Amino acid sequence: MIDFLAVSGALDILSSNWTAWAVIIPGLLLGLIGGSMPGISISMTMAIFLPLTLYMDFFSAVMFLTAIFTGGGFGGSVPAVLMNIPGTPSAVATTFDGYPMTQQGRHNEALGLALFASCIGTLAGYVLLFLLIEPLSIAVLRLGPLEMLVVALWGLILIAALRGRHVARGLMAGVFGVLMGTLGMNDAGYLRGTFGIDVLLDGVPTIPAIMGLFVAAQLFNLIGRDYIVADEGSRRMSFRLILAGVRETMRYPGVLLRGSAIGIIVGAVPGVGSSVSNLLSYAETRRTDPNPASFGTGNPKGVVAAESANSSSEGGSMATLLALGIPGGGGTAILLAAFATHNIVGGPKFLADHKDIVYAIIFGNFIQALLLLGIGLAFIHVASGIVKVPLRLLVPSVMVLSSFGAYSITGNLSGPVTLLVFSLLGWLLARYDYPVAATVVGLLLGRLVESELLHSYQLSAGEVSFLLQRPVAMVFLFLLVASLLAPFLRQWRGRSRIGPATPVGG
Amino acid sequence: MNEDRLVRSTNWGHVAFATFLLVLCLGYLWESASKSTDTENLLLVLPATGLAALLYLILLFQELRARRSADEAMEAPAPFTWSKLKTPAIMFLFGLYMLGLTYAGFDIPTFLFIAGALAVQGERRPLIVFGYPAVFTVIVVWGMQKLLPFPIPTLLL
């Protein structure tokens, strides 16, 4: 299972390439900064710095970009915990309990929990990648379009089911997102939903739309307040309390392991990735907890579940990228672009011919995960300064940064205009208690869902009995139906059982 | 609070928003169907819109059946304050900002948007209202000009 000759070659590469070592810390810092700035996603930070990798050798370029990836994985949790704004879509579930902890003045512990869970998640992801890269590549190869379709829909249903009180609103938000995600030309060559707007020929510009839904919509809700945390004492950063959060993470080994495992598996499925894995892990942790009602009120397990899953997804998505040459999401797509700029094609042949480089990438990421702990601790003090900035300065500044970010993605004004339209939509969704995350994930997966549905339809010739020949798809379908029914069963059980919920850390 | 006496409490704003979402979905279906009624064109759009319509009916039913206590319904609405207009005012400024980007590039509209947003939020110190937006605009425009491989439209910088 492990090629020790290639491992030895990997150690040679690592010991002889000083550039690869030199770019790790700057890469981590850029990832932390990019991830912690709402609207500046990890993939956007990687895209901005992609041209720099042209001046590096292939291995250093991959190290630099994966360092941004790793740093961003934790960076996104900083505004999620402090401002209820996920810095990246993969930190959505971190807000559910991270922000309530901040409101209770426990933001130091929440950041410590998020940092250590991220480090462990990243490490776990790459350890498993090291052990399982070959069998995993075979398993992912066996997922057909029908399985991919059901997995994507399952992810969406779970997001709706997370909001047990308003399942219909969650589903409506998800369906609307999926439809928005399919505007433009589909895989069968049909062009629709453009309403005469040329920019929509390639579909809704996804990143500006997500920035609008999450960033501006959240900022609109902050208007009228002086500070993110009203109590000045609660805005103080404490190294001791952050370390206490780090230590507290070790009290939940089961949550850490489960989150890491979910992150790796989901991260390995192309197109789903960390934006779904953090929600899945959160939902699963809440479902299996003896006190599920405590989630959403500042339960540390919620933060650990979300952060361990989104960080370990990196290892999973790297498995698909290295083994199959398929990017699991935006971050790995940029990595694939870096491969191309160095005339390297990822996939089975790359894995077979350059196993030493693959192992060197994995070992390099072990080091990144360890360095993240030290750099992350120092960075929290800087990044957490945002809670001390008066909101009247922060709100317009972040809106402007988001507009510039949207422009940098599209290269024209369609980005900022998309940002505006979706920020208004996001504000309305939040105002009427629709889960914005469901629309965002729908938007991200819309194209994938339609494309896999089309391929399944073509393969099955429209015969429903095709499903019976796909046992893996049937298992996922069963999980999908169970997830859909779970909130109703929970409501029914709740009615038949009397007893108040016990909030954690209240 | 008398919880036995319940009165209707429909949130018409929510009904209007749900209707807006459904109209967008139906508009998309209509536009798609007008291009082609082939299965491969409508394979996802048609059932997804159907599901949206079904969910809309459920939401409408829930909203029309919504009840709250009579005491709560009798409570006087919160008095109007100018601070309630801050959010719509900044949303309006953000819209104007986007319009400004189209005609004047990124520098002047960015300065004006931040200055306007600060003023709307109650900032009155001239150094903050004019100084902060000027410094912020220069730094961000300069930084993005250095970072991006394509030009950023500006008027002065």
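Computed from a predicted model, the values in this text were never measured in an experiment. (Residues numbered from 1 in each chain as written. Chains lettered and ligands numbered in written order. Predicted model: local features only at pLDDT ≥ 70, side-chain atom pairs only at ≥ 80, totals over all residues.)

Draft legend 1. The arrangement of the overall build of chain A in detail. The helix and strand inventory of chain A stands at 22 helices and two strands. Sorting the 506 residues of chain A into buried and exposed places 60% on the buried side. Intrachain contacts of chain A at a sequence separation of at least 6 include 80% that bridge at least 24 residues. (Helix = DSSP H or I, 4+ residues; strand = E, 2+ residues; numbered from the N terminus. Buried ≥ 20, exposed ≤ 12 C-beta atoms within 10 Å, placed from the backbone. Contact = placed C-beta atoms within 7 Å.)

Draft legend 2. How the structure looks around the interface of chain A and chain B. Counting from both sides, the interface comprises 43 residues of chain A and, opposite them, 47 residues of chain B. The set of elements that each furnish at least two residues to the side of chain A that touches chain B consists of helix 10 (167-181), strand 2 (191-192), helix 19 (391-410), helix 20 (414-431) and helix 21 (436-460) of chain A. By residue number, the principal contributor to the side of chain A that touches chain B is helix 19 of chain A, which donates ten residues. Classifying every residue of the side of chain A that touches chain B gives 33 nonpolar, six polar and four charged. (Nonpolar A, V, L, I, M, F, W, Y, C, P; charged D, E, K, R; others polar.)

Draft legend 3. Representation of the nonpolar core. Residues and elements named next belong to chain A. Ranked by internal contacts, the top residues of the largest apolar core, which has 179 residues, are L65 and M172. The greatest single-element share of this core, amounting to 14 residues, is contributed by helix 8 (residues 107-141). When sequence neighbours within four positions are dropped, the list of residues in contact with L65 reads M46, T53, I334, L335 and A338. (Core = buried A, V, L, I, M, F, W, Y, C linked by C-beta atoms within 7 Å.)

Draft legend 4. Main features of the packing of helix 10 of chain A against helix 1 (residues 12-35) of chain B. One can describe the packing of helix 10 of chain A onto helix 1 of chain B by two numbers: an axis separation of 11 Å at closest approach and a directional angle of 35°. Where helix 10 of chain A crosses over helix 1 of chain B, the handedness of that crossing is left-handed. Between helix 10 of chain A and helix 1 of chain B, the residues in contact are M172(A), F176(A) and L179(A) and L21(B), C25(B) and Y28(B), respectively. Of the residues in the contact of helix 10 of chain A with helix 1 of chain B, the class split is six nonpolar, no polar and no charged. (Axes fitted to C-alpha atoms, helices over the stretch in contact; angles between N-to-C directions. Left-handed = near helix turned anticlockwise from the far one by under 90°.)

Draft legend 5. Structural context of the packing of helix 10 of chain A against helix 21 of chain A. All names here are of chain A. Interhelical geometry of helix 10 versus helix 21 gives an angle of 45° and a closest axis separation of 6 Å. As far as their axial angle goes, helix 21 and helix 10 are oblique. By crossing handedness, the relation of helix 10 to helix 21 is classed as right-handed. Here helix 10 contributes G170, A173, G174, V175, F176, G177, V178, L179, M180 and G181 to the contact with helix 21, which in turn contributes A438, T439, V440, V441, G442, L443, L444, L445, G446, R447 and V449. (Parallel < 35°, antiparallel > 145°, perpendicular 65-115°, else oblique.)

Draft legend 6. Spatial organisation of the environment of E123(B). Mapped onto the elements, E123(B) comes out in the loop between helix 6 (107-120) and helix 7 (126-147). Residue classification places E123(B) among the partly exposed positions, given that 16 C-beta atoms sit within 10 Å. Those residues within four positions of E123(B) in sequence are excluded, and the remaining contacts are R392(A), L118(B), I128(B) and V129(B).

Draft legend 7. View of the environment of L444(A). Looking at the element boundaries, L444(A) is found in helix 21. Setting aside residues up to four positions removed in sequence, L444(A) forms contacts with G181(A), T206(A) and S275(A).

Draft legend 8. Focus on the environment of S408(A). Residues and elements named next belong to chain A. For S408, the position within the fold is in helix 19. With 21 C-beta atoms counted inside 10 Å, the residue S408 sits in the buried group. S408 sits 58 residues away from F466 along the chain, and the two C-alpha atoms are 44 Å apart.

Draft legend 9. Focus on unusual backbone geometry. All names here are of chain A. For F195, which is not glycine, the phi dihedral falls at a positive 50°. On the basis of neighbour count, F195 is assigned to the exposed category, with 10 C-beta atoms found within 10 Å. Its identity is not glycine, yet N343 carries a phi of approximately 55°, on the positive side.

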